[in-house]
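# Inside the fold
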2 protein chains.
Amino acid sequence: MDRDGVDVQVVSATPVLFAYGRPAEHAMECARIFNDALLELCTKGHGRLVPIAQVPLQDTELACRELERGLAAGMKGVQIGNHVGDRDLDDSALVEFLAYCASVGAPVFVHPWDMFGGCRLEAWMLAWTVSMPAETQLSLNRMILGGAFDRLPRDLRICFAHGGGSFTFLLGRLENAWHRRDIVRGLSTAPPSTYLDRFEVDSAVYDQRALRYVVDVMGPSSVLLGSDYPFPLGEEHVGAVIRSCGFAPEMEQRLLGGNALEFLGMDGGG
Amino acid sequence: MDRDGVDVQVVSATPVLFAYGRPAEHAMECARIFNDALLELCTKGHGRLVPIAQVPLQDTELACRELERGLAAGMKGVQIGNHVGDRDLDDSALVEFLAYCASVGAPVFVHPWDMFGGCRLEAWMLAWTVSMPAETQLSLNRMILGGAFDRLPRDLRICFAHGGGSFTFLLGRLENAWHRRDIVRGLSTAPPSTYLDRFEVDSAVYDQRALRYVVDVMGPSSVLLGSDYPFPLGEEHVGAVIRSCGFAPEMEQRLLGGNALEFLGMDGGG
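The rules behind the values
Residues numbered from 1 in each chain as written. Chains lettered and ligands numbered in written order. Predicted model: local features only at pLDDT ≥ 70, side-chain atom pairs only at ≥ 80, totals over all residues. Heavy atoms only, no water. Pairing = 2+ DSSP bridges. Helix = DSSP H or I, 4+ residues; strand = E, 2+ residues; numbered from the N terminus. Expected span 1.5 Å × (residues − 1). Buried < 20%, exposed > 50% of the residue type's maximum accessible area, 1.4 Å probe, protein only. Contact = heavy atoms within 4.5 Å. Buried area = accessible area lost by both parts, 1.4 Å probe. Salt bridge = Lys/Arg side-chain N within 4 Å of Asp/Glu carboxyl O. Polar contact = N/O pair within 3.5 Å; in protein donor to acceptor, adjacent residues only side chain to side chain. Axes fitted to C-alpha atoms, helices over the stretch in contact; angles between N-to-C directions. Left-handed = near helix turned anticlockwise from the far one by under 90°. Nonpolar A, V, L, I, M, F, W, Y, C, P; charged D, E, K, R; others polar. Phe/Tyr/Trp six-rings, centres within 6.5 Å; stacked < 30°, edge-to-face > 60°. Lys NZ or Arg CZ within 6 Å of the ring centre and 35° of its normal. Least-squares fit on C-alpha atoms with pLDDT ≥ 70 in both.

## Comments concerning the sheet that holds strand β7 (residues 158-160) of chain A
Residue and element names in this part refer to chain A. If you trace the five strands from one edge of the open sheet to the other, you get β3-β6-β7-β8-β9, paired in parallel fashion. On the outer flanks of this sheet lie β3 (78-81) and β9 (223-224), each paired with one strand and no other. Pairing between strand β6 (residues 108-111) and β7: three bridges, direction parallel. Each residue of the ladder has a partner; that of V108, found in β7, is I158.

## Focus: helix α4 (residues 126-145) of chain A
Residue and element names in this part refer to chain A. The end-to-end C-alpha distance of α4 is 27 Å, a good match for the 28 Å that 20 residues give at a rise of 1.5 Å each. Counting buried positions over the 20 residues of α4 gives 19, a clear majority of the element. At the exit of α4 stands G147, carrying a positive phi of roughly 80°.

## Remarks on the interface of chain A and chain B
Contacts between the two partners involve 58 residues from chain A and, on the opposite side, 59 residues from chain B. Buried surface at the junction of chain A and chain B, summed over both partners, amounts to about 5300 Å²; 63% is from carbon and sulfur atoms. The largest share of the area that chain A buries against chain B comes from A:R120, A:W124 and A:R173, three residues that together contribute 20% of it. The closest approach of N and O atoms between A:D216 and B:R209, which form a salt bridge, is 3.7 Å. Connecting chain A to chain B are 22 residue pairs in polar contact (both at pLDDT 80 or more). Mapped by element, the contributors of at least two residues to the side of chain A that touches chain B are α4, α6 (167-180) and α7 (208-218) of chain A. Here the side of chain A that touches chain B gets 13 residues from one element, more than from any other, and that element is α4(A).

## Comments concerning the packing of α4(A) against helix α6 (residues 167-180) of chain B
Relative orientation of the contacting elements α4(A) and α6(B) amounts to 145°, with a least axis distance of 10 Å. Crossing handedness for the pair α4(A) and α6(B): right-handed. Judged by residue contacts, A:W128, A:T129, A:M132 and A:P133 of α4(A) engage B:L170, B:R173, B:L174 and B:A177 from α6(B). Among the residues making up the contact of α4(A) with α6(B), the classes are represented as six nonpolar, one polar and one charged.

## As for the packing of aromatic side chains
A complete count under the given rule lists 21 aromatic pairs over all chains for this structure. Pairing B:F149 with B:F199 gives two aromatic rings, centres 5.9 Å apart and planes at 20°, and the pair type is stacked. Of this pair, B:F149 sits in helix α5 (residues 148-151) while B:F199 sits in the loop between α6 and β8 (200-202); the two residues are 50 residues apart in sequence, bridging distant segments of the chain. Sitting above the plane of the A:W178 ring, A:R185 keeps its charged end 5.2 Å from the centroid.

## Here's the deal with the relation of the copies chain A and chain B
Superposing chain A onto chain B takes a rotation of 180° plus a shift of 0.0 Å along the axis, which leaves an RMSD of 0.0 Å. As the rotation angle and translation indicate, the two copies are arranged about a two-fold axis. Comparing interface residues between copies, 100% of those in chain A also lie at the interface in chain B; the contact surface is shared.

## What to know about the environment of B:G239
Residue and element names in this part refer to chain B. Considering the arrangement of structural elements, one finds G239 in the loop between β9 (223-224) and α8 (240-244). In sequence terms G239 and A37 are 202 residues apart; their C-alpha atoms lie 27 Å from each other. Setting aside anything within four residues of it in sequence, one finds G239 in contact with L225 and L256.

And the structure:
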């Protein structure tokens, strides 16, 4: 952390531990064990390690209960996978969980996992370079077209990993399709581009041009420092791409920390 | 065509007609019927309709034979789907077909089809807005990592639809992964970004920012006007996004036609 100039770090489970495919009680036990271990780990961080919870997302009631316990113990939010089997984030039970998060003021970080694609994506980590960003784009498309954002309160804080996957880049394709074909619109009440103020994305795109593009589309207040640390495909020196972009100092500070502190409710602003 | 200021239009089959999943002789018959009909149609275009061939890609020998017949009859190139079942464009038989295209000087246009994803992508044309651009990105990733470009001659002309899908935007993610994990590299001999001069993409991204991004990454000589016409998700007024970008006149002319004429060998330059 000191090497990369990181003051504060959010710590979460790796998606491998989600256990959404297991019976809900098993996933609840996994979450409890993980959350307790994480809380213990973070107490040793002298305030520099910030824990966010894992929950058994396949069962909304249990997920809400475990998040409540985590928040009471000092956790600052929750990380979820972007889908539970065939249920995406527009599924009514998952929307209910997100509504609960909004009601208790818990920010939600969404990480792609359990990637689609089959045998054509088995080699060379193609599931990570191709399916993961497509999974995240799919989640955002489904939240928009499935009417999830329309049903959720505006004060829900929700952030998507890896710069929102391929969502921002393919927004023009979705927007054009939305206007030209009624069957594309689903349950959405307005064009996809009007939902950009309903979520945030992290900065983990590993490329100056791509990061500038994401900041341009999302706006400078909606992109939070993301590292993927300590995953091997993460950024080797956390924050290096942001620092190399030549953003104005105030914007750089927002991207490096201000936006994330605000998202986590740790900016002292309330 | 006159309404949108289109002088010349390339005409190809819709992927629905590829028949790659059928026995090769059936697909050969489909290709023959389609190519004959297309040749007849294009003779009525007074030189403004340019036919490119369909081939039974599941059988390299038959595919080469039908392309040879098409070229002899005046076709200017070939359109292929981006995969044949589980075989992608790094498959040895498909690479052999691409090598044949290079040897006879036939430009290749690659269109995504037969999209992965399953039931989570069935609603709202998500297979078109999510899987199609991911399919194209997968093809390019596989051609690079699978060593297809390394095995193919540099004079192969190959162009990918829809601005190359999400490839250019996610190139930073692939590049970072390539450098950080050996298992990502596959059979490739150099980082992914060094292969950008081996292919072209069309301009069908339906968004100024996305088009500028694609032109920035690919270079102004490697982006060809694409319309998706008359598919309903295509550009309503062909060329409108290019014209709205405020490119320098020379670059705009390249994007609107010069690059495509060069790709098709119709620029009079030989």
